Structure formats: C-alpha cells, structure tokens
Amino acid sequence: MSLTIAVIVGSLRKDSFNAKLADALARLAPADVEFRRLRIDDLPLYNQDDDDSPPAPVTRLKEGIRQADGLLFVTPEYNRSIPGVLKNALDHASRPYGDSAFPDKPAGIIGVSIGAIGTAAAQQHLRTILAYLDMPTLGQPEAFLKADDVLDDNGGIAEGSRKFLQGWMDAYLDWVRRHA
C-alpha cells in the first residue's frame, strides 16, 4: 500500500535541526511512501474573522493535510512547549468549527533539540492537542532526540542513531497503515 505523509516541521530556521531530521527520516522510508513537507511559514496569525474567507496559504495547508494518509510532526521545543508557528498552523487547519482537516488522520511526533530532554515537553503538549483534534497518534516508541547524538555533519542520521530511528520509522508507517 503506497502512502502519502504530510510533514509539518515546527521550526522556520534556515538551518533547523528538525527540518534536517524530517529530510533524513524520509530517506528511511520504503520507496512506496511519499513525504510532502507542508509550508507553515507564510500563514497569517489565526483570526476567527477570516474563517469565512481563509487566505490562500490556509487553504493550501488544509488541502495538503486532507490529501495525506498520515501526518508527521517534527518539532523543536520552545519554552517547554510547541513553537507558536506550529500552534498557529494547528489552529488554522482545525477551523472553522466543523471543518477541521485533522480528524482520523494518523499522526507521529518526533523532535530534536540541543537540550538534554530533547523536545519531551513539546511532544507531550502536542499529544494533548492532537487528541482533541481526534488524531490517532503513535504512542510508542517515543523519540526525544539530542541533535549532537542524532544528526551527522551532513544533516543525515548519525550511525549510532540509525537503528533506533529506522525502528521508529517502521513503527510509525505501520501505525499509519493500520489507521489510514
């Protein structure tokens, strides 16, 4: 069964560790899985007044989510939570009430940071949001990653982390196949 996975990276930084991780994870998937990174950098701040006539970037985001079999969230942690840009994207794609793009889309959450807890708090907050959005989310294995341990100098997966991340990717894709 071929799959399309929409990828949302919660970082806008040009040299984002999480963008590098998202690209590296895609290379661990079999050939019948297509990863499509969804843009969130051009979304305006969510304003309920725009619900009846959403801006083009919002329509594009929601369509990208709807066309996917599953979603992969790759996010850093800012102040023990998810980045504002990611929360903004979640708000846009879940509104207006009754027109959410998220229900029943299987999700995976992973993240990398320079800190020792490796996005654990951000991932927990994101799990709470995704539960409310009615998205079945992979529970195990969890992956709280430290950039120095996971990424090599070329932005790929470091040899010592390859087996673990391949196992994570395999579990995630099995999850999507079961729930898509």
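One can find the structure itself at the top, above this paragraph.
These notes cover the structure that comes with them. (Residues numbered from 1 in each chain as written. Predicted model: local features only at pLDDT ≥ 70, side-chain atom pairs only at ≥ 80, totals over all residues. Heavy atoms only, no water.)

## Thoughts on the sheet that holds strand β5 (residues 144–146)
At step 1: In spatial order, the strands read β2-β1-β3-β4-β5; together these five strands make up an open sheet with parallel pairing. Looking along the sheet, the strands with just one partner apiece sit at the ends: β2 (33–37) and β5. Mean inter-strand twist for the sheet, computed between neighbouring axes without regard to direction, equals 25 degrees.
At step 2: Where helix α6 (residues 159–179) meets the sheet, its contacts fall on β1 (3–9), β2, β3 (70–74), β4 (107–113) and β5, and the angle it forms with β4 comes to roughly 155 degrees. (Pairing = 2+ DSSP bridges. Helix = DSSP H or I, 4+ residues; strand = E, 2+ residues; numbered from the N terminus. Axes fitted to C-alpha atoms, helices over the stretch in contact; angles between N-to-C directions. Contact = heavy atoms within 4.5 Å.)

## Topic: the pattern of salt bridges
At step 1: As enumerated under the stated definition, the model contains 11 salt bridges in all.
At step 2: Measuring nitrogen to oxygen at the nearest pair gives 3.7 Å for the salt bridge that ties aspartate 32 to arginine 177. Here aspartate 32 is found in the loop between α1 (17–26) and β2, whereas its partner arginine 177 is found in helix α6, with 145 residues between them in sequence.
At step 3: Arginine 177 sits in the partly exposed class, given a relative accessible area of 28%. (Salt bridge = Lys/Arg side-chain N within 4 Å of Asp/Glu carboxyl O. Buried < 20%, exposed > 50% of the residue type's maximum accessible area, 1.4 Å probe, protein only.)

## Here we look at the packing of helix α3 (residues 84–93) against helix α4 (residues 120–132)
The description of two helices packed together rests on the angle between their axes and the distance between the axes.
At step 1: Relative orientation of the contacting elements α3 and α4 amounts to 5 degrees, with a least axis distance of 12 Å. Between α3 and α4, the angle falls in the class roughly parallel. Here Leu86, Lys87 and Leu90 of α3 lie close against α4, whose contacting residues are Leu126, Ile129 and Leu130.
At step 2: Its residues assigned to classes, the contact of α3 with α4 shows five nonpolar, no polar and one charged. (Parallel < 35°, antiparallel > 145°, perpendicular 65-115°, else oblique. Nonpolar A, V, L, I, M, F, W, Y, C, P; charged D, E, K, R; others polar.)

## Quick notes on the packing of aromatic side chains
At step 1: This structure, assessed with the given rule, holds one aromatic pair.
At step 2: Seen from the ring of phenylalanine 17, arginine 13 lies directly overhead, with NZ or CZ sitting 5.1 Å from the centre. (Phe/Tyr/Trp six-rings, centres within 6.5 Å; stacked < 30°, edge-to-face > 60°. Lys NZ or Arg CZ within 6 Å of the ring centre and 35° of its normal.)

## Observations concerning the side chain of serine 161
At step 1: Within the element layout of this structure, serine 161 appears in helix α6.
At step 2: By relative accessible area, which is 11% here, serine 161 ends up buried.
At step 3: With sequence-adjacent residues up to four places away left out, serine 161 is seen in contact with Asp149 and Val150.

## Quick word on the nonpolar core
Note on soluble globular proteins: their nonpolar side chains tend to be buried together.
At step 1: Judged by nonpolar contacts, the single largest core of 31 residues is most densely connected at Ile5, Leu21, Leu72, Ile110, Leu165 and Tyr172.
At step 2: Counting only elements with at least two residues in this core, the list comes to β1, α1, β2, β3, β4, α5 (147–150) and α6.
At step 3: Per-element tally for this core: the top contributor is α6, with seven residues.
At step 4: Judged by nonpolar contacts, the second largest core, of 26 residues, contains Leu61, Ile65, Ala68 and Ile82. (Core = buried A, V, L, I, M, F, W, Y, C linked by side-chain atoms within 4.5 Å.)

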